[in-house]
Amino acid sequence: MKRFFIFLFFIQFTILQTHAQTISYKTKDSERIAKKLRLEDDYVDDLFVIYESNTTFNFELDDETGVPYAIEETEITILSLLDYTKYQGAVYTDLNTELLSIQLIDKNMKRYSLNYVSGSYQNSGIFHQDGEYNVIELPSSTFGEVMKYRFVRKHNDLKYLTSHYFQSHRYYINNGEVTLNIPEWLDAEILDKNLKNLKLKKDIDEPKKSSKSKGKKKEEALTVYKYSFKELDPAPNEVNMPGPSHVLPHIVFLFKGINKVGVQTSLLREPIDLYSWYKSLVDSVENDSLELYPIYESIVENASTKDEKLKAIFYWLQENIRYIAFEDGIAGFMPASAHSVCKKRYGDCKGMANLAKELYKMAGFDARLTWIGTKRIAYDYTLPNLAVDNHVICTIIEGDKKYFLDITEDYIAIDDYAERIQGRPVMIENGDSFLIDTIPVADSKTNMVKLVKGFTISGDKIVGKAYEEFNGESKTDVLRSYNSISSNNQEEALEKFLNNNDKNYSIKNIKKPDLNERSKPLVFEYEYTLEHAILTFNQQYFIPLDYEKNFYSFDFDKDRVTDYLFNAKYFKVISNTFFVPKGWEVVHLPVGFEAENEDYSIKVQIVQEGDQVKYVREINIFKGVIQKKNQLKWNQDLNKLREVYDDFMVIGKIN
Amino acid sequence: MIKKIIFYIALLLPVLTYAKDKEVVKDSLYFDEDDNFNISSVPDKWHNESAVILAQKINFEISKGKKTTYTQYITTRIRVYLKDKSAVEEFSEFYFAPGDEAIIKIVKPDGTEILLDMDEAISVGKSVTIPNFYRKASLNLTKEEYKKLAISSLNKGDIIDYIIRSKDEFYPKKYIKISNHGEMRYSNDWTWSEKLGYAHRYELATKYPKLKQTIHFEISDDLYFNFKSKNNAPDLEFLGDDEEKETKKYKFEIQNVERTKDQYFMYEDRTYPSIMFQFVYRKKIKKKKVHYLVGNTTEVLTSIDQEMLKKYARTQLLNSDNKKYYNHIKERVKLVKHKDNIEFAKEIYQKLQSYAFKDGPNNYISSNFFAAFYYYAFKNRDVDFDIVVGVSKTYGKVEDLISEVELTYGVRIKSDQNGEYVYFFPGEAYSTYDDKHYRLMGTEAYALKIGKNYNKTSIKPIEVPNYEPADNQTVVNMRVSVGKNFNWLNVNAESSYKGEFKSIAGLNTITKSEFDHNDRLPEIKGFLWWKVKKSEKEIRYEEHLLDILTRRRLERLEEQVESNYDIQKYHEFELTNTGMEGPNEWLSYKERYNVTDLIKTAGDSVYIFEVGRLITPQIGLKKDDLERVGDIYVDYERIYDYTIEFIIPKGYKVFGLNEIRTKLDNSAGSFESKVIQNKNKLIIRTIKVYKTNYLPESQWPDMIHFLDKAYEFSQAKILLIKTDD
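Student: Residue-level account of the overall build of chain A, with values.
Tutor: Each helix and strand in chain A was counted, giving 11 helices and 38 strands. With the C-alpha coordinates of chain A rotated into their principal frame, the extents come out at 100 × 70 × 55 Å. Considering chain A as a whole, with its 655 residues, one finds that 53% of them fall into the buried category. Pairs at least 24 residues apart make up 72% of the contacts formed inside chain A by residues separated by at least 6 positions.

See below:
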C-alpha cells in the first residue's frame, strides 16, 4: 500500500496456503477443547494452547570421536483459540546445541521445511552470551483446529545438557509427553524435581531393543523413561518469585559415564568430576604475577596489618574493576587471567575472583577460588551437574575463619554477604580435592533500618528532626545507588530518597555521612517540615503518627502461586516521638497491634508518657520470604496495619 | 543475459572499491593535531558535573567520486572528561557499525595515553538493540551486525578520546545519505521523508556540558546546502572553495554549551541551541518542478522565502500520487456533495478518516495528502479555500523553516454563514474535526491559494487562531458515598472528553464493537475488509476478538484507576457515547468502583476524607523545578472540570469546607474550587484552566502559582464528624 496509510495488515503468499486444509485440521476433540478453554477465565485471552507436546531424547556416540551426544526431537501441536492469528514459536540454541531441522507436519504426516529467523538472545546485564533464538511462524489459524510442527536439536556435549523443563513459557499444555531412551552403554540417573501435584504419570521401561536406531549397525537395549502429563499451565512469571529450579516441574540429568566395549569413560559421575573439570580450566589460566605486583604494592601501600590488607584489596577491587558478564561457550566457565582483568579494569565473576585470589596470595593470604550456586538455584554439590552453580567468588582462609569475598558486589563490607549467596553451599578449591562449606546466614537485624523522629506542630505544619540509620544490605543499596548517580544529581537524589520524593516533606540541614564508607552504619540526620498532613478544627488537631506507612499497598494477589522473595531480609524500626505542645492534651490515640508467624512479625506500640506520645513500629521479615501459604495472612495483617496507619491522633486545647 | 551479467558486475563494484579504500581510511584515522583536543582541565563552573565534553568535532565530507558516484566521510572526534563513576559506567561500552573505523584512547590523569585494541570488539549478534547513542541511521540492521567493545583501563578522572569514521560511496538517485556517530543525544536528531531527502537536526546541548564543538562541512560544489542555526546558536562561516576537489568548505563553532535539564512544559527543539541542515543533489531538480526547498549551489541557503515556499508547496501538493489517490479514494467513499462548504468539508473529514482507520487505530493520515484531498475536492467550488502551510510549534517557528521535512499542512475554508475561517487538520482514529491536532494552532503560518497555474497561485502570511480552553475539555462528574463501616468509598463516575482529549480517550476506551469506521463507508465489492456479507468464520472471529478486546479494555481501565487510588473492586465500565458523530459531541463513559485509601479515621466518630485526591494527581513542583531555563510551552489550552457529589452519611456532618474553597487566576491559568452543601449532599466543583499555550520564561512564577494551587487542592481533606442531631 502507498505511504499515505500504513496498514498493519499483511497477507502471506506462501506455498503453504495451498495446503491449508491438511495443515490446519480438526481432531476428534480439538474444537470441544477450544470451546471449553475460551469460556475459562485463565485462557480466554490466549490465542493458542498446546494441544500436544512430545519430546524424545535419544543418545548416541559419535562414530569418530567416541563422544556421546543427545538428539532431542520435539513435536508440538498447537490448538487455535482465535481465527486468523499466526502462531510464533522459538527454539533456543547455543554453542553446544545445534538446530538440525524445523518442519511443519500436515494431517497426512507429510513434512514441509519451515523458515526461521535467528536472533541473539541476551539477558540484561550480560555483556556477551552465545544464546540464539530461532523463531518460526505458522500459517494463519482457524479456531478449534490444530497445526503441528517439529524441531530437532543436537546437544553436542552431555555436560551441558543439565535438565529439561516441562512447562511452556506461554501456553497451557493439554497433553504432553517426555521420553528418554537411555541406551545400555550410558550410565545415567534421572532426578524428578517439583513433579508432585501434577497430572503426571511416570513409566520406566527396562531394557528392550531400540526401535529408533534406524541405520545403526546393531540394535541397542534401552531403558525408556516416559513422563506423560496433562492440563499443565504455563510456567508462572511472577515478580520476585524463586528461581525456576525451585518451583517449576523438571528433570535433572546426571550423565555419569560410558560403559561400552572398548570405551569406558567417566563423565560427571561424582562431584569430584565436576570439580576436576573446573580445576582443569582454572589451571590452564596463566596469571602473570610480575605484571600484577606493582598494582598490588600500590593497593596495600598504606596497609600495614593483615586485616588492613584484607580490606584494602577487597575495596580496591570493588571500586576499580567493573563487572561485565561473558557467557559464551567455555568462556562461561574459564576465568580470564588475573593480569588481563587488572589491566582492562573489567571482568566477569570468575575473572574478578581469580584476580582477587592472585592479589591476596601476594599479601600472604590463603586465597582460593570458590564455586557457588546463588539462591536462584535449588541444587547443592551432591549433584555432579553444571546446573549446580552459576557464580564464582574468592575464599580467604585465615585459621578457623573463612572470608567469602564476592567481588561483584559493589559497596559491600567485608563481613557482609549478599542475600543471594547467604546459606548457599560452596565448593572451595583445595588442590586435587575440594572443600564444601556454606556461606553464613545473617539475621534480618543485620539489615536494620532505623528511623527516629521527634516532632511537633507549628501552625498548620509538622516540624521535626530525623535520624536515619542503614545497616547491612540496606546500607549497601543506598551506597550503591548514590554512587551510581551522576555527581551533579546526587544531592537532589539524596533529598528525594530521604523525603520519598514527596513535595509536602521538605528537609534541610542534612548531616551527610561519608557515602563511600561501608564498614560503619550509614547515618543521616536532618530537620524537616511536613505540609498538608494535619487538619485543624474546633480547637483540635488531627495528626498522623506514621507518615512513612511502609507496605501500605503491598497486598499479594490472590492468584499468586509462588513465594515472594525480597531482595534481602527486611528489618525496619520506626520510633516517632510527638511532643504535645503546652496547653494541649491528647484526645485520641490509635491502638497498636502485633502479628507474628514463621515469616514475619509486625509490632506497633503507641503510648503516652507525659507530654510525649511514643509510636514504635517494627516490621521484621525474618528470612526475606513470604511464603505462598502465609500470603493471605499477610494481607489480613496488612489490613490491620493500615487501620493503624489511617487512624489520626487527635489533640485538643485545654480549656 | 548480457544485461544480467552487467547488473551483477555493477552490484559487485562498490564492494570492490570499498575493500580497497578501507586501508586509506585506517591510515587517515590517527588523532590529528588540534589544540582543542589537548585540553585536559575542566572550567571551575563545571567541577560538580558528572562528565564534561572538552572538545567535539564532526567533519562532513561529501565529494564527487568516479563518474556518477559520491563519496561521503563522516568523522566524529570527542574528548570527554569522566568525573565520576556514573560517567565511567556510561562510557564503559562502545558500539560501532561494520565497515566503520574507530580508535579510542584513554588519557590518564598523569598524561599517560593508552590506545585500545579495537580488534577485541565482538559482534553483538543480529537483532540486539544498540543503544541510541551509537546507532547509525543508514545501517541496514537486518543484514549487518554491530560490534561492541568493553572499554578497558577506564577510571574516574580519566579522559576518553575517540574518533569514529564512516565512509560511504553511493549513487545519489534519491537523496544524499548522512550517517553519523557520537552524538551525545540521538533522540530528535533525525527526521526524514523518503522522497524529499534527509535533513539533519543536530542538538548541540547534551546531558553533559560542552566546552567547544566544531562542525566542518566540505561538500561537493554541485550540492544544494541548507543550513539554519536555531535558539541562539552561532552562524555558519564560509571558509572558501577547493577548486581541485570541487568542494566548498564551511565551519560551525560553538563554545560553553550548558547541559540540558528535564523540565515541565518545554519543547527541547525550541529551548536549546541546535542546527538543522540538509544536502540535496542537483540533478533531481527539474527546472519547472521544484521537489526540494533549495537555493542555488553557489551559496548556502539560510532562510526560505514566501515565493520558494509557494513553488514548493504547490508542486508537492499537486503531485501525481496525490491526484491518483484522491480519485481512488473519492470513488470508494462516495462523498456526499453538500451545498454548504463547511458541511462538505466535514463530510470529507469524516470519510477520509473512516477510510484511513478502517483497519484499526494504528494508521495515520499524512498532512500533505490530507490537504491535497481537500484541494481536489474543493477545486471546482466557489469558495474561499486555502491550504495552511506551517511548521509544528514543537519544532520551531515558520520563520526558522529550512527543510521540507519540517512542513505540515492543513486547510481553511471560509464559512458561507458567518464569513469566519474554519480550520481542518488531520486527526487520529477517534478524532472529530474539532481536534485540530495542536501543532499548528496559534502559530504563524502561510495561506496558499492554489490557482490554475503558478502565476495564479498566491501565498500570504496568516496567524492560525489559538484554541479556546473550552475547545479541549475533560469533565468528570462523580457521585461518592461511604461504604460499609467506612471501609471504602463507592464511586460512580461519568467522564466526558472533548477536542484533543477525545482523541486520546478514544484510543483507550473505544473498541470496534462501539465504533467501526467501516460502517460509515459504502459497500465496495472486491475488498476483503469491506465485505458486508461475512462468512461464519469471520463472524466467529469478530465475536471472539471483541470479547478479548473488551476484557483487555476493562483491565486497562482498572489499572488506570488503580494508578491513582487503592481500589477494592472495579465493578463496571460503560461507554455511553463515542463522540464520533459530530464535532461537538462528547466521548463519555461511566465507571463504578470502590476506593479504600481515601477515607481515614481519627477515633470512632471522626473520619477524614481525602477529597482532593479525587481530581487525580496534580503536578507537584520540587525545588529543582523552580528555576526555569527557556520559555514555557503548553501543548494546548484546556479545561479540567470535576464535580464531586458526596453523600454525607446519616448522622454525620462535614467540616473543614472553608479550607478547600480556593481561587487563583493569572496569566498561566486559573484554578477555582466551589463548595455547596445541600442537605445531605456536598457538592465540590473544581475547574482548572490552562489559559495559554505559551508564556515567556519570565512568567514561570505565574505557572508555579497556578500549578501549586491545583496541587494544594489535591492534598485537601475534610472531616466527617458524628453528631447527635
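What follows continues from the structure just given.
Student: Can you lay out the nonpolar core for me, pointing to particular residues and giving the numbers?
Tutor: B:Tyr374 and B:Ile387 are the most contacted members of the largest nonpolar core, which has 117 residues in total. Residues contacting B:Ile387, with those up to four places away along its chain left out, are B:Leu317, B:Ala371, B:Tyr375, B:Tyr409, B:Gly410, B:Val411, B:Tyr446, B:Ala447, B:Leu448 and B:Ile450. Core analysis: the second largest hydrophobic core is formed by 57 residues, A:Tyr278, A:Leu281, A:Trp316 and A:Cys342 among them.

Student: I'd like to hear about the confidence of the model for chain B, residue by residue, with values.
Tutor: All names here are of chain B. Taken over all residues, the pLDDT of chain B has a mean of 86, while the share at 70 or more is 87%. Overall, residues 1–27 carries pLDDT values under 50, and its contacts beyond four positions in sequence, including any with other chains, amount to 11 contacts. A low-confidence stretch, residues 525–530 stays under pLDDT 50, and its non-local contacts, those more than four residues away or across chains, total 15 contacts. Here the predicted complex scores 0.90 on pTM and 0.89 on ipTM.

Student: Describe the interface of chain A and chain B, with residues and values.
Tutor: Taken together, the contacts link 65 residues of chain A with 79 residues of chain B. The contact between chain A and chain B buries some 6200 Å² in all, and 54% of this surface belongs to carbon and sulfur atoms. At the surface where chain A touches chain B, the tally comes to 8 salt bridges. Measuring nitrogen to oxygen at the nearest pair gives 3.5 Å for the salt bridge that ties A:Lys344 to B:Glu120. At the junction of chain A with chain B, the criterion picks out 32 residue pairs in polar contact (both at pLDDT 80 or more).

Student: Requested: an account of the side chain of B:Thr71, with residues and values cited.
Tutor: Structurally, B:Thr71 is set in strand 2 (residues 70–82). Look past the residues within four positions of B:Thr71 in its chain and what remains in contact with it is B:Glu61, B:Ile62, B:Ser63, B:Gly65, B:Lys167, B:Asp168 and B:Glu169.

Student: So, the environment of B:Thr578: which residues are in play, and what are the values?
Tutor: All names here are of chain B. Assignment of secondary structure puts Thr578 in the loop between strand 23 (567–577) and strand 24 (587–595). For Thr578, a relative accessible area of 11% gives the class buried. The sequence separation of Thr578 and Ile74 amounts to 504 residues, and the corresponding C-alpha distance is 52 Å. The residues touching Thr578, leaving out its near neighbours within four places in the chain, are Ile510, Glu514, Phe515, Trp586 and Leu587.

Student: Describe the pattern of salt bridges, naming the residues involved and giving the relevant values.
Tutor: Taken as a whole and assessed by the stated rule, the structure comprises 84 salt bridges over all chains. Measuring nitrogen to oxygen at the nearest pair gives 2.7 Å for the salt bridge that ties B:Glu347 to B:Lys351. Taken as a pair, B:Glu347 and B:Lys351 lie in helix 6 (residues 341–356) at a separation of 4 residues, close to a single helical turn. In this structure, B:Glu347 and B:Lys351 share a single accessibility class: buried. Each of A:Lys549, A:Asp646, B:Asp597, B:Lys600, B:Glu610 and B:Arg613 takes part in salt bridges that share partners, so that together they form one network.

Student: Residues and numbers for helix 2 (residues 30–38) of chain A, please.
Tutor: Two residues of an α-helix separated by three or four positions point the same way, owing to the 3.6 residues in each turn. Every buried residue of helix 2 of chain A is accounted for by A:Ser30, A:Ile33, A:Ala34, A:Leu37 and A:Arg38. Projected down its long axis, helix 2 of chain A carries its buried residues within an arc of 130°, all on one side. Looking at the buried positions of helix 2 of chain A, the neighbouring elements they touch are strand 1 (48–61), strand 2 (68–80), strand 9 (146–155) and strand 11 (173–183) of chain A together with helix 9 (536–562) of chain B.

Student: A description of the sheet that holds strand 6 (residues 122–123) of chain B should follow, citing residues and the corresponding values.
Tutor: All names here are of chain B. Taken in spatial order, the 3 strands make up an open sheet running 3-7-6, and their pairing is antiparallel. Two strands bound the open sheet, and with one partner strand each, they are strand 3 (93–96) and strand 6. Pairing geometry for strand 6 and strand 7 (residues 147–150), over 2 bridges, is antiparallel. When the sheet's bridge partners are listed, Ser123 is paired in strand 7 with Lys147.

Student: Hey, could you go over the packing of aromatic side chains for me, with residue numbers and the actual values?
Tutor: Counted under the stated rule, the structure contains 88 aromatic pairs over all chains. Ring-pair connections join several aromatic residues into one group, and the members of that group are B:Phe60, B:Phe217, B:Phe225, B:Phe227, B:Phe238, B:Tyr250, B:Phe252, B:Phe277 and B:Phe279. Sitting above the plane of the A:Tyr69 ring, A:Lys154 keeps its charged end 4.4 Å from the centroid. The residue whose ring lies beneath A:Lys306 is A:Phe365, and the NZ or CZ to ring-centre distance is 4.9 Å.

Student: Which residues make up the sheet that holds strand 20 (residues 366–372) of chain A, and what values do they have?
Tutor: Residue and element names in this part refer to chain A. Strand order in the open sheet formed by 5 strands is 22-21-20-23-24, and the pairing between neighbours is antiparallel. The open sheet has two edge strands, strand 22 (401–405) and strand 24 (433–438), and neither has a second partner. Neighbour-to-neighbour, the strand axes of the sheet open up by a mean angle of 35°, direction not taken into account. Strand direction decides the pairing type here: strand 20 and strand 21 (residues 391–398), joined by 7 bridges, are antiparallel.

Student: Would you mind going over the environment of B:Lys679 in detail, with residue names and values included?
Tutor: Residue and element names in this part refer to chain B. Relative to the helices and strands, Lys679 is located in the loop between strand 31 (669–678) and strand 32 (681–690). We classify Lys679 as exposed; its relative accessible area is 76%. Through-space distance from the C-alpha of Lys679 to that of Phe609 is 18 Å; in sequence the pair is 70 residues apart.

Student: Tell me about unusual backbone geometry, and name the residues and values.
Tutor: Residue and element names in this part refer to chain A. Even without being glycine, Asn197 reaches a positive phi, approximately 65°. Within the secondary structure, Asn197 sits in the loop between strand 12 (186–193) and strand 13 (200–209). Unusually for a residue other than glycine, Gln539 sits at a positive phi of about 60°. By the element assignment, Gln539 lies in the loop between strand 29 (535–537) and strand 30 (540–543). Since its relative accessible area comes to 48%, Gln539 is described here as partly exposed.

Student: Describe a positive patch on the surface, naming the residues involved and giving the relevant values.
Tutor: All names here are of chain B. Taken together, the side chains of Lys323, Lys379, Lys452 and Lys456 present a region of like positive charge at the surface. Summarising the element assignment, Lys323 is placed in helix 5 (residues 320–333). A residue is classified by how much of its surface remains accessible, and Lys323, at 35% relative accessible area, is partly exposed.

Student: Describe in detail the packing of helix 8 (residues 500–509) of chain B against helix 9 of chain B, supporting the description with residues and values.
Tutor: All names here are of chain B. Remark: helix 8 packs on helix 9, axes separated minimally by 9 Å, with the N-to-C direction vectors making an angle of 125°. In terms of orientation, helix 8 lies oblique with respect to helix 9. In this structure, helix 8 contributes Leu507, Asn508 and Thr509 to the contact, and helix 9 contributes Arg553, Arg556, Leu557 and Gln560. Residue composition of the contact of helix 8 with helix 9, grouped by class: 2 nonpolar, 3 polar and 2 charged.

Student: Tell me about the pairing of strand 14 (residues 247–257) of chain B, residues and numbers included.
Tutor: Residue and element names in this part refer to chain B. Across 10 bridges, the pairing between strand 11 (residues 210–220) and strand 14 is antiparallel. Counterpart to Ile215 in the pairing with strand 14 is Phe252. Bridging between strand 13 (residues 237–242) and strand 14 involves 5 bridges; their strand directions are antiparallel. Counterpart to Gly240 in the pairing with strand 14 is Lys249. Connecting the antiparallel pair strand 13 and strand 14 is a turn made up of 4 residues, with Glu246 showing a positive phi of about 55°.

Student: Explain helix 9 of chain B to me, and be specific about the residues and the numbers.
Tutor: The end-to-end C-alpha distance of helix 9 of chain B is 39 Å, a good match for the 39 Å that 27 residues give at a rise of 1.5 Å each. Of all the residues in helix 9 of chain B, the buried ones are B:Glu538, B:His544, B:Ile548, B:Arg553, B:Leu557 and B:Val561. Among the structural elements, helix 2 of chain A together with helix 8, strand 23 and strand 24 of chain B are those in contact with the buried residues of helix 9 of chain B.

Cut-offs used in this document
Residue indices follow the written sequence of each chain, beginning from 1 at its first position. Starting at A for chains and at 1 for ligands, labels are handed out in the order in which the entities are written. Totals for whole chains, interfaces and linings use every residue, but because this is a predicted model, local features are given only for residues with pLDDT of at least 70 and side-chain atom pairs only at 80 or more, for both listing and counting. Calculation of side-chain values draws on the structure's entire complement of heavy atoms; hydrogens and water are dropped beforehand. Comment: elements are numbered from the N terminus, with helices defined as DSSP H or I runs of at least four residues and strands as E runs of at least two. Categorising residues by exposure relies on relative accessible area from a 1.4 Å probe, with only protein chains included: less than 20% of the type maximum marks a residue as buried, more than 50% marks it as exposed, and the intermediate range marks it as partly exposed. Between two residues, a contact is recorded if the distance between any of their heavy atoms is within 4.5 Å. Here, the term nonpolar core denotes a set of buried Ala, Val, Leu, Ile, Met, Phe, Trp, Tyr and Cys residues that are joined through side-chain atoms within 4.5 Å. pLDDT expresses, on a scale from 0 to 100, how confident the predictor is about each individual residue. What counts as buried area is the accessible surface, traced by a 1.4 Å probe, that two parts surrender upon association, with contributions from both included. Within this document, salt bridges are pairs made up of a side-chain nitrogen of Lys or Arg and a carboxyl oxygen of Asp or Glu, the two lying within 4 Å of each other. Within 3.5 Å is the distance limit for a polar contact, defined as a pair of N or O atoms, with the added protein rule that one can donate a hydrogen and the other accept it, and that residues adjacent in sequence qualify only through two side-chain atoms. To be clear, the arc concerns the directions from the helix axis to the C-beta atoms. In short, DSSP must find at least two bridges between two strands for them to pair. Aromatic pairs are defined between Phe, Tyr and Trp rings, using the six-membered ring for Trp, whenever the two ring centres lie within 6.5 Å; interplanar angles under 30 degrees are classed as stacked, those over 60 as edge-to-face, and all others as tilted. Cation placement over rings: the criterion is NZ of Lys or CZ of Arg within 6 Å of the ring centroid and within 35° of the ring normal. Each axis is a line fitted through C-alpha atoms, taken for helices only over the stretch in contact, and angles between the N-to-C directions span 0 to 180 degrees. Without a salt bridge and with relative accessible area above 30%, a residue can belong to a patch; like charges are then joined within 9 Å and nonpolar side chains (Val, Leu, Ile, Met, Phe, Trp, Tyr) within 5 Å. In this description, accessible areas are obtained by the Shrake-Rupley approach with a 1.4 Å probe, and a residue is regarded as covered only by the protein chains that are shown. Counted as positive: Lys and Arg. Counted as negative: Asp and Glu, with His and the chain ends omitted from the count. Positions of charges follow a simple convention, taking NZ of Lys, CZ of Arg, CG of Asp or CD of Glu. Geometric relationships in this document are graded by angle, where less than 35 degrees denotes roughly parallel, more than 145 denotes roughly antiparallel, 65 to 115 denotes roughly perpendicular, and other angles denote oblique. In this classification, the charged set is Asp, Glu, Lys and Arg, the nonpolar set is Ala, Val, Leu, Ile, Met, Phe, Trp, Tyr, Cys and Pro, and all remaining amino acids, among them Gly, are polar. Take the number of residues in a helix, subtract one, and multiply by 1.5 Å to get its expected span.

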